[in-house]
Amino acid sequence: MRRDLPLFGVLAVLLVAIAIANPLFLEPEGLLAFVKRAAPLAILAAGQYFVIVSGEFDLSVGSLVTAEVVIAARLIDGDSDATWPVVLLLLAFGALIGLVNGLATTVLKVPSFIVTLGMLLILSGAVFLWTGGSPRGALSEEFRQFGRGSLGPVPWSVLVLVAAVAAVITLMRSDFGRTLMAAGDNPLAAGLSGVRVLRVKTTAFVLSGLSAAVCAVLLGGFAGVSAKVGEGLEFQAITAVVLGGVVLGGGRGSAVAAIAGTFTLQALFTLLNLYGISGALEYTVQGLILVIAVALGNVRFPRRIRSSASTTA
Amino acid sequence: MTQQLQPLPLKGLAPRGVAADSPARAVFMALGVMIMIGWALFAFDGGQFFGQSNIVGIQQRSAALGIVAVGQTLAILAGSLDLSVAFLMSLCSLVAAETMAQYGVLPAIGAVLLVSALTGLVNGFVITRLKVHAFIATLGVSLIIKGILEHRYDGPAGRVPESFQHLGYDRVGPVPVSALLWLAIAAAAWFLLRHTPLGHRIYAVGGSPEVARLSGVRTGRVVVATHVLCSLTAGAAGLLLAARLGAGAPTVGTDGGYDLESIAAVVLGGTALAGGKGGVAGTVGGVLLLAVLDSVFNQLEIDSFAKDVVRGVVLVAALAIYARRRRAQ
């Protein structure tokens, strides 16, 4: 946990800066709105965390989110009775895509970068093929509640996020989490000591697919249906996870920090907006911050060597 | 300078470098099969696969991707990768067209090479000095370029004089000038990898950075060099696209998907994503394979989005076959 302190420090500074620029941010509504906006990406980042910590990549989540939203709109077509069956179907579809990614990576031994890149091409091609570029159908009001509505003062998406975070923490503290971490750190050693590396890694991909499905439900409700809704989300999710100090290549980093990485990213966007650096230059600043933050995360201060060595060894 | 004194341990790596290029054979076999399938489908559809227009079309479509993919091969062989090439190509097309409109062709080429070499240096130093993973480093740099592009340009800008547009459209017999440029760059990269100390070091660093370092290779410099070369090829591809469009365009690189596509072509050509194994010949085969596939889709008038689906399947299938071969050895 001590390793993550710089990230939480940056997050705190950003939040204070936002609060200074916009005092409304400190009201419960302002905070909840902030969390609500960050929730879809945070859930996606949590899924990506499992895959990255197991030493792989999942580049297909962005196009998977798009596919899920487009499928939902087409199947529901404004019919509120169809809402729940379709939500279940979306979760199953996400898990299935994750399973295919996982099996191709572990059983066929194709690098996950290529597997998920191939899946990205397949999904985005299939979505456009199916819709001809403009999605048809409509989401039902019930479906949109997840992204837009709230239970009393608390938005549904915040509740979903809280549930997801609790699930992720429980998972990472279970045997599964420990073996996943071991498989990412050194698959050979993990395999020799009895970890079913293939199964654990495949499960990580399934979890990533599931999280993309949940993200799609929230994002579809929040942002509506378009063929571009998931564009670039895979890179944002990976960025958030890496900002959270999770090491590409696997075996290191905490899930909570990965989710905090999302909030840092969201806070950064909010702040840039508030100070009028919106639109195009936002990307430039995002790129700079990304590189600088990861570079700073790599600086090992003399005193921290011992502590980080003991926590990650 | 001091590097001149320590090539000894690397001499032994040269034969391994040659052997490591063997996956190229598989991709050329696949290319042969693909051409036969293409020929049959064309004949069935009443077209001529070996007709001049198709052959020229294949070469012209593949030149820009081919040029970047050659550079990407170098970065991947050294165990790195470059996601910034697509945005860099857009930027270079704009730099080329705007400089040409004002100062002429030669200064424009110089400006493009300067911009791309600098970008490569930044990529390389962020990766080696700041120790940022190549994926994040080049993603960050591409975001930076994306911001600059979107901030400054709404659409095409600058103008390319007729004299330079020859690069995009002229041909010598059935061979377009752009394909010759690609061939020259590929041959130069092949020579670099096979016959120069830097080439041997690239294989060594990609194979095992630690072993290379212990045998006296300055691994950081090698990685920086591959990124500079990779960015230079992206610059050359940007020049080519500008010549073809007659102007610079802020989305020309990303619309072509040159970042992920070039990585796909390299890997399709049998180069290991982890580095150290593979070569330029395989990449040329991989690019041609994708281009032949494209030409078949065009002839059969298959929806362009179906192309993406098939491409994805081909990519994963090819890699699965490579993985089987490697295990069988």
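Residues numbered from 1 in each chain as written. Chains lettered and ligands numbered in written order. Predicted model: local features only at pLDDT ≥ 70, side-chain atom pairs only at ≥ 80, totals over all residues. Heavy atoms only, no water.

Student: Help me get a handle on the overall build of chain B, residues and values and all.
Tutor: Within chain B, the secondary structure is distributed over 16 helices and two strands. The C-alpha radius of gyration of chain B comes to 20 Å, within 12% of the 20 Å expected for a compact globule of 329 residues. The principal-axis extent of the C-alpha atoms belonging to chain B is close to 60 × 50 × 35 Å. Put simply, chain B has 329 residues, and 56% of those count as buried. Long-range pairs, those at least 24 residues apart, make up 79% of the contacts in chain B between residues at least 6 apart in sequence. Of the roughly 13,900 Å² that chain B leaves accessible, carbon and sulfur atoms contribute 65%. For chain B, the centre of its 23 positive side-chain charges and the centre of its 16 negative side-chain charges are spaced 17 Å apart. (Helix = DSSP H or I, 4+ residues; strand = E, 2+ residues; numbered from the N terminus. Rg over C-alpha atoms; globule rule 2.2 N^0.38 Å. Buried < 20%, exposed > 50% of the residue type's maximum accessible area, 1.4 Å probe, protein only. Contact = heavy atoms within 4.5 Å. Areas by Shrake-Rupley, 256 points an atom, 1.4 Å probe, with all protein chains shown as cover. Lys, Arg positive; Asp, Glu negative; His and termini not counted. Charge placed at Lys NZ, Arg CZ, Asp CG, Glu CD.)

Student: Run through the UniProt feature "transmembrane region" (unreviewed entry) in chain A, naming residues and quoting values.
Tutor: The UniProt record annotates "transmembrane region" (unreviewed entry) at residues 82–101, 113–133, 153–172, 204–227, 233–249, 256–277 and 283–301 of chain A. Taken end to end, residues 233–249 of chain A is 65% helix and 0% strand, and its two terminal C-alpha atoms sit 20 Å from one another. (UniProt positions renumbered as here; feature names shortened; annotations may be inferred.)

Student: Give a description of the environment of Glu 68 of chain A that names residues and reports values.
Tutor: All names here are of chain A. Here Glu 68 shows up in helix 3 (residues 61–76). A relative accessible area of 0% places Glu 68 in the buried class. Separated by 72 residues in the primary sequence, Glu 68 and Ser 140 have C-alpha atoms spaced 15 Å apart. Apart from the residues within four sequence positions on either side, Glu 68 is in contact with Leu 90, Phe 93, Gly 94, Ala 213 and Ala 216.

Student: If you had to explain the interface of chain A and chain B to someone new, which residues and values would you point to?
Tutor: Taken together, the 36 residues of chain A in the interface contact 38 residues of chain B. Summing the contributions of chain A and of chain B, the shared interface buries around 3,200 Å²; its carbon and sulfur component is 86%. Our count for the chain A to chain B interface comes out at zero salt bridges. Those elements that provide at least two residues to the side of chain A that touches chain B are helix 5 (112–131), helix 11 (233–243) and helix 13 (281–298) of chain A. Looking at the side of chain A that touches chain B element by element, the count peaks at 12 residues for helix 5 of chain A. (Buried area = accessible area lost by both parts, 1.4 Å probe. Salt bridge = Lys/Arg side-chain N within 4 Å of Asp/Glu carboxyl O.)

Student: Outline the side chain of Thr 262 of chain A, listing residues and values.
Tutor: Residues and elements named next belong to chain A. Secondary-structure assignment places Thr 262 in helix 12 (residues 255–274). A relative accessible area of 0% means that Thr 262 is categorised as buried. With sequence-adjacent residues up to four places away left out, Thr 262 is seen in contact with Ala 38, Leu 41, Ala 42, Ala 45 and Ala 240.

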